[in-house]
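Here is how the chains run, residue by residue.
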Amino acid sequence: MFKSSSLLLAACGGSALLALSCGSAANAQVIYNDSFARTGVLLGSSPSPVNSGGAYWLGSTGTLHNTTAQTNGSELTLASASGQYAIASATLPFTPPTSGAVTLSADMQVGAVSTTNGWGLIGFSPTGGADQVANSSYSAGPTLQLLTTGQVLMEPNTTSGANPIWNGITNFSNTTFYHFSIDYNLSAQTVQWYLGSGTSATLLGSYDYASNPGNTPAISYVEVGSYGYRGDTPPEAVNLQNFELTTTPVPEPVGSVNVFPNPGLVNPRMQFNTGQAVGANPQLSPILPNIPGPLSGWFVAMWHRSEVLNANEMVTNDPNVSDPTFGPAAYAFTTPNQNAQLAIYRDTANNQWVYNLFERNGTLGPSGGANLFLEVPNNSANVAMNNPIIYNLYAKIAEASVTYDNPQAMTNGAVVAQVFSGFILQNASQGLTVFMQIHMADSRAGYGTKSGITDLQQSGNTYLVDIAPPGGDPLAFQTDNGALHYLSYQLNPFFSEFLAAESFKTAASNPANWTLNSMYVGLETENSISGGAPQGAVSVGLQIAGLSVYSEPVPEPTTLRLLAIGGMGLVLLKRRKYELLHGA
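Throughout this description, residue numbers start from 1 for each chain and increase along the sequence as written. Residue-level local features of this predicted model are given only where pLDDT is at least 70; pairs of side-chain atoms are given and counted only at 80 or more, and the full residue set underlies all totals for whole chains, interfaces and linings. To obtain the side-chain values, all non-hydrogen atoms of the structure were used and water was disregarded.

Trainee: Is there a simple way to think about the overall build of the protein chain in this case?
Mentor: By the criteria applied, helices consist of DSSP H or I runs no shorter than four residues and strands consist of E runs no shorter than two, each listed in order from the N terminus. Counting secondary structure elements, the protein chain contains 3 helices and 39 strands. Exposure is judged per residue with a 1.4 Å probe applied to protein chains only, and the accessible area is read against the type maximum: over 50% gives exposed, under 20% gives buried, and values in between give partly exposed. Among the 584 residues that make up the protein chain, the fraction classed as buried is 55%. Considering only residue pairs separated by 6 or more positions, the protein chain has 72% of its internal contacts joining residues 24 or more positions apart. Each accessible area value is a Shrake-Rupley result obtained with a 1.4 Å probe; residue values ignore everything except the protein chains displayed when judging cover. When the accessible surface of the protein chain is summed, it comes to about 22,100 Å², and 52% of that surface belongs to carbon and sulfur atoms. A contact between two residues is defined here by any heavy atoms of the two lying within 4.5 Å.

Trainee: Please clarify how the packing of aromatic side chains should be interpreted in this entry.
Mentor: Remark: the centre distance and the inter-plane angle together describe each pair of aromatic rings, the angle taken between the planes. For Phe, Tyr and Trp, rings pair up if their centres lie within 6.5 Å, where Trp contributes its six-membered ring, and each pair is then called stacked (planes under 30 degrees apart), edge-to-face (over 60) or tilted (otherwise). All chains considered together, the criterion is met by 22 aromatic pairs. Each ring, one from Phe373 and one from Tyr520, has its centre 5.0 Å from the other, and the planes form 50 degrees; the classification is tilted. Here Phe373, found in strand S28 (residues 370-376), pairs with Tyr520, found in strand S36 (residues 515-526); they are 147 residues apart in sequence, far enough to count as distant. The two residues Phe373 and Tyr520 agree in class, both being buried. One aromatic cluster in this structure is built from Tyr463, Phe495, Phe498, Phe504 and Trp514.

Trainee: So what exactly am I meant to see when it comes to the pattern of salt bridges here?
Mentor: If charged atoms from side chains of opposite charge come close, those side chains can pair. Basic side-chain nitrogens of Lys or Arg form a salt bridge, by our definition, when they fall within 4 Å of a carboxyl oxygen of Asp or Glu. According to the stated counting rule, one finds 3 salt bridges in the structure shown. The partner of Asp34 in a salt bridge is Arg38, with the nearest N and O atoms 2.8 Å apart. Accessibility classification places Asp34 together with Arg38 in one group, the buried group. Measuring nitrogen to oxygen at the nearest pair gives 2.7 Å for the salt bridge that ties Arg444 to Asp442. Considered together, Arg444 and Asp442 belong to a single accessibility category, that of buried residues.

Trainee: Sorry, what's going on with unusual backbone geometry here?
Mentor: Cis rather than trans, the peptide bond between Ser48 and Pro49 has omega equal to 25 degrees. Mapped onto the elements of the fold, Pro49 is located in strand S3 (residues 49-51). We note that Asn242 has phi near 55 degrees; this positive angle belongs to a residue other than glycine. On the basis of relative accessible area, Asn242 is assigned to the partly exposed category, the value being 40%. Of note, Asn361 is a non-glycine position whose phi angle comes to about 50 degrees, a positive value.

Trainee: What should I look at first to understand the pairing of strand S14 (residues 202-208) in this one?
Mentor: The side chains of a regular strand alternate, first on one face of the sheet and then on the other. Pairing between strands requires that DSSP locate at least two bridges from one strand to the other. As paired strands, strand S13 (residues 190-195) and S14 are joined by 6 bridges and run antiparallel to one another. Among the inter-strand pairings, Thr190 is bridged to a residue of S14, identified as Asp208. Taking the residues between adjacent antiparallel strands as the criterion, S13 and S14 are bridged by 6 residues, where Gly196 takes a positive phi near 90 degrees.

Trainee: Any chance you could explain the environment of Gly541 here in plain terms?
Mentor: Here Gly541 lies in strand S38 (residues 536-551). Between the alpha carbons of Gly541 and Lys396 there is a distance of 8.6 Å; along the sequence they are 145 residues apart. Setting aside anything within four residues of it in sequence, one finds Gly541 in contact with Leu357, Phe358, Lys396, Ile397, Ala398 and Glu399.

Trainee: Would you take a moment to explain the confidence of the model for the protein chain for this structure?
Mentor: The predicted coordinates ought not to be read in detail in places where the model reports low pLDDT. For every residue, the pLDDT score states the predictor's confidence, bounded by 0 at the bottom and 100 at the top. On average, residues of the protein chain score 80 in pLDDT, and 80% of them reach the 70 mark or higher. Here strand S39 (residues 572-574) stands out as the least confident element of the protein chain, with mean pLDDT 22; strand S24 (residues 331-334) is the most confident, with 98. Low pLDDT, under 50, characterises residues 1-26; the predicted model gives this stretch 105 contacts beyond four residues in sequence or across chains. Note on residues 129-138: pLDDT under 50 across the span, and 33 contacts to partners over four residues away in sequence or across chains.

Trainee: How should I be thinking about the environment of Ile122 in this particular structure?
Mentor: Position of Ile122 among the secondary structure elements: in strand S8 (residues 119-125). Sequence separation of Ile122 and Leu240 is 118 residues, and the distance between their C-alpha atoms is 9.5 Å.

Trainee: Can you walk me through the nonpolar core in this structure?
Mentor: For soluble globular proteins, nonpolar side chains are generally found buried alongside one another. If you look at the biggest cluster of nonpolar residues, it comprises 72 residues, and the most contacted ones within it are Leu374, Tyr391, Met440, Trp514, Leu516 and Leu542. If sequence neighbours within four positions are ignored, Tyr391 has contacts with Ser421, Phe423, Leu487, Ser488, Tyr489, Leu491, Met519, Val521, Leu547, Ser548 and Val549. Judged by nonpolar contacts, the second largest core, of 44 residues, contains Leu76, Leu78, Ala90 and Met108. Nine residue types can take part in a nonpolar core, namely buried Ala, Val, Leu, Ile, Met, Phe, Trp, Tyr and Cys, and a core is a set of them joined through side-chain atoms within 4.5 Å.

Trainee: How do you make sense of the environment of Gly225 when you look at a structure like this?
Mentor: Relative to the helices and strands, Gly225 is located in strand S15 (residues 221-228). Residue Gly225 is classed as buried on the basis of its relative accessible area of 0%. In this structure, the C-alpha to C-alpha distance between Gly225 and Gln145, residues 80 residues apart in sequence, is 9.0 Å. The residues touching Gly225, leaving out its near neighbours within four places in the chain, are Leu78, Ala88, Ser89, Trp119, Gly120, Leu121 and Val238.

Trainee: What am I meant to see in the side chain of Gln29 here?
Mentor: Its place among the elements puts Gln29 in strand S1 (residues 29-34). Not counting the four nearest positions on each side in its chain, Gln29 is found in contact with Leu245, Thr246, Thr247, Asn350, Tyr394 and Leu484.

Trainee: When you look at helix H2 (residues 491-502) in this model, what are you seeing that I'm missing?
Mentor: Every α-helical turn comprises 3.6 residues, leaving residues that sit three or four positions apart pointing alike. A helix is expected to span 1.5 Å multiplied by its residue count minus one. In this model H2 runs 17 Å from its N-terminal to its C-terminal C-alpha over 12 residues, within 8% of the 16 Å that 1.5 Å per residue would give. Extensive coverage of H2 is indicated by the burial of 10 of its 12 residues. Taken as a whole, H2 has its buried residues at Leu491, Asn492, Pro493, Phe494, Phe495, Ser496, Glu497, Phe498, Leu499 and Glu502.

Trainee: Explanation requested: the pairing of strand S30 (residues 389-404) in the structure shown.
Mentor: Sheet topology places S30 next to S38; 14 bridges connect them, and they run antiparallel. Bridge pairing in S38 places Ile390 opposite Tyr550. Strand direction decides the pairing type here: S30 and strand S35 (residues 485-490), joined by 6 bridges, are antiparallel. When the bridges of S35 are listed, Leu393 appears paired with Leu487.

In structure tokens form, the structure reads like this:
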């Protein structure tokens, strides 16, 4: 099955690229913020006022664990049982990005119930959910523990033998809330712990995972907890206020060059593809939407649809096209049959445009299913793949639904929704073209857990390779009512994995001989095969903002590090022939 409908961008030619210096850093994104302004049992409740992904607090209900975890309208109280090593804890799911930084913070008070041997904790953890046993020796991630003895214990990764960092608090009081934060810089692989906030914050300690790679944690949750170390009666307790988790991207380094025009998708005035091709290029309509500002370097593309989006069929501020966070769409385009829609929202809080791509159903034909993309045409920069190339964006699945009329529809490709970013790379001297697609979400059960090359097809000198990031798809195929997630990728290791799989001869195996020429990001859906009867129904909505692809100024060695495939077998599908044209 051919999954990309952007093959026409493989042609060399295209518009010139305006080389831009580094852009402005994007704002921090709040993943969770919980003020605990509710009354009752914590477990099973959702963080409020900010809750990305519709998560809820998880924890064990065993004899010694989570016997008391209550909110009282302004704070959370976690009181452990009276037994030794008794624990009250709770977790929220969180998989950090591969770059940038994350910050976990809370106001914490311990010892208000007892006085001697217990402590409270905030931190990151590899384990969580209903079976979570949150003990400091199990957390295995950057944690901060406030002890009733007036000390702070900072543990980088306790299960791997990382040395704990101790710190005393002057004038410690067990009736006072102290603001703590843990900053984990994933790009630099460093952790810093702070007391206080803003310019008055005090650095308590730091740790360098880059120098101690054996201690680098695997993080899947954030955690709060209370511990009764020696079975005190009454039990130990910790009170928390203002719990928050944020992510912050790394600014583009000085001297970096944006590969494609209009980084950040700063102008929504785009051309629309007619759904047809002219030679080896998409046919673009001359009609422009009635949106102020200069023409964007990006365009809207649709393939294999009986009806396509039209620039002259735009509605503005329609309450029927609305988002819970951003309100009515500033601009919206919908096909008459309602099978596809582009809605463009103004995110005033972060001063950016948010693009919502929606698609449902479609037919899987010889060259793929139905597609809706934002695409950028070939550029003349020809950035070589031996330079570090970083791809950043904010994204979430705004809508997701799939049903099957028969069990085979899940496995035979008849009913599928995929979300991916595609990059077109070329080796001009060898006449080779690669469509490299990075998966972001998928409707097929279990697909999101895969890593490495999941599909590789070849026809002559053209290749299609689907690669899932380490850990699988970063976005779950489910409706996400929270904030957009910051995603960041270095493209070079993905491409190196493809080169290693194909075992090219010297001229083609050297990344310096390959260039990044164009890209697309969006959706593919289908609920039938080659015009047959529908075998179910599927729909997906993707929101994106702040997209950029830049090349760092310092070149990498021509031999790049390979990503581990992580247990995934290599599926190599050879085809004698496939369509290169997009005709509907």
